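# Structure at a glance
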Amino acid sequence: MTQLASALTLKSTVRGAALMVAACSAYAAVNVATQWAGTRTGIPSVIIAFWQYVIALVFTLPLLVREGAGALGTGHFGLHVIRVALAAAGVQVWILALTHVPIWQVVALSMTSPFFVIMCARLFLREEVTPTRLTTTFIGFIGALIIVAPWSDSFTVYSLLPILAAALWAGYSVMTKYLTRFEKPAGISTYMLVLLTPINATLWLVSGIGLPAISAPTIEVWSIVTVIGAFTALAQYFQTAAYAVADAVYLQPFDDLRLPINVIFAWIVYATTPSVNFWPGAGLIICASVYLMRRDSGTSPRIVD
């Protein structure tokens, strides 16, 4: 490998890792702001979800202007529909799980997503699954388990629901990576937001919550909903851009950082002190992510025949 090729590979792997960490941070901001909206302003969740993606779409439009109308060109509209359907189904299964399973158990089991991503990336994207990538992903998963301590309670049949949600979201991630081979991140993000809007509108209508629920919105309400939408747009774009420059398998340990980042953000905003399990678990996740980035930065992404 020439020095130029090595430099380009280093740049793509570091950039991919940085974009995924940025996406995790943006998603954490969305979670904290959403909790604030639900607990402090009383906005119903279906209304939050609707405006979240409508506002996110508005914030995405400048990216389309910058990249031109060609960013929306697609020969894979059916794949966009499947991708959004996987994401929407994952959300519904996740919410159902939360009504039957302790939240710490749901979060722990959702961390099985990297294993589904590795399997799908190998089968459908033909990406290489090296021992280093597999090991660091497993270490990151162990770190997540330490943080949420799932062994402290018994499992029920409903415990399978978070695993199903993880599998659906893994399919969404792999589909995103596949689409980046043909289309620009801005276009992929926009299709996601456009197609989710009617789904969320339908859920709002069938919920029976009418417009009077927000007939007199305050500045606080619109401010928090705008923040949620803005960070949703950033998270979607950063995640798609990460998949555009790096392998889906390589990015999984960095995606595990969303757990400690969420804890830190909640700590800052709500003054909730992390449990003693947080520090060793976060340490494992961070060490695995940094080691993988350093280990893979000198190798080019490979497609396995």
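Residues numbered from 1 in each chain as written. Predicted model: local features only at pLDDT ≥ 70, side-chain atom pairs only at ≥ 80, totals over all residues. Heavy atoms only, no water.

## A look at the packing of helix α8 (residues 185-207) against helix α9 (residues 219-245)
The condition that has to hold: Interaxial angles span 0 to 180 degrees and are taken between N-to-C directions of axes, which are lines fitted to C-alpha atoms, for helices over the stretch in contact. A helix here means a DSSP run of H or I that spans at least four residues, while a strand means a run of E at least two residues long, and both kinds are numbered starting from the N terminus. Roughly parallel here means an angle under 35 degrees, roughly antiparallel means over 145, roughly perpendicular means 65 to 115, and every remaining angle is called oblique. Note on convention: near helix rotated counterclockwise from far helix by under a right angle means a left-handed crossing. Clockwise means right-handed. Contact definition: two residues touch when any of their heavy atoms are within 4.5 Å.
Relative orientation of the contacting elements α8 and α9 amounts to 135°, with a least axis distance of 9 Å. In terms of their interaxial angle, α8 and α9 are classed as oblique. Helix-helix and strand crossings are classified by hand; for α8 and α9 the assignment is right-handed. Together, Pro185, Ala186, Ile188, Ser189, Met192 and Leu193 of α8 and Gln236, Tyr237, Thr240, Ala241 and Ala244 of α9 make up the contact between the two elements.

## Some words on α8
Counted only if it meets this: The span one expects for a helix is its residue count, reduced by one, times 1.5 Å. A residue's bend is given by the angle between axes fitted to the 7 residues ending at it and the 7 residues starting at it.
In this model, α8 (23 residues) spans 33 Å end to end at C-alpha, consistent with the 33 Å of a helix rising 1.5 Å per residue. The sharpest bend along α8 reaches about 25° and sits at Thr197, with the proline Pro198 one to four residues further on.

## What about the confidence of the model for the protein chain?
We apply this condition: Within a predicted model, pLDDT stands for the predictor's per-residue confidence, ranging from 0 to 100.
When pLDDT is averaged along the protein chain, the result is 76, and 78% of the positions lie at 70 or above. The least confident element of the protein chain is helix α4 (residues 103-110), whose mean pLDDT is 63; the most confident is α9, at 87. Note that residues 3-8 has pLDDT below 50 and, in this model, two contacts with residues that lie over four places away or in other chains. Predicted confidence for residues 212-216 stays below pLDDT 50, and this span has four contacts to residues more than four positions away or in other chains.

## Description of the packing of aromatic side chains
How two aromatic rings sit relative to each other is set out by the distance from centre to centre and by the angle between their planes. The condition is simple: For Phe, Tyr and Trp, rings pair up if their centres lie within 6.5 Å, where Trp contributes its six-membered ring, and each pair is then called stacked (planes under 30 degrees apart), edge-to-face (over 60) or tilted (otherwise). The buried label goes to any residue with under 20% of its type's maximum accessible area, the exposed label to any with over 50%, and the partly exposed label to all in between, with areas taken from a 1.4 Å probe on protein chains only.
Under the counting rule described, the total for this entry stands at six aromatic pairs. A ring pair is formed by Tyr178 and Phe182, whose centres lie 5.1 Å apart and whose planes are at 70°; its orientation type is edge-to-face. Accessibility expressed as a relative area gives 45% for Phe182, which makes it partly exposed. Ring pairs connect the aromatic residues Phe50, Trp51, Trp204 and Trp222, which therefore count as one cluster.

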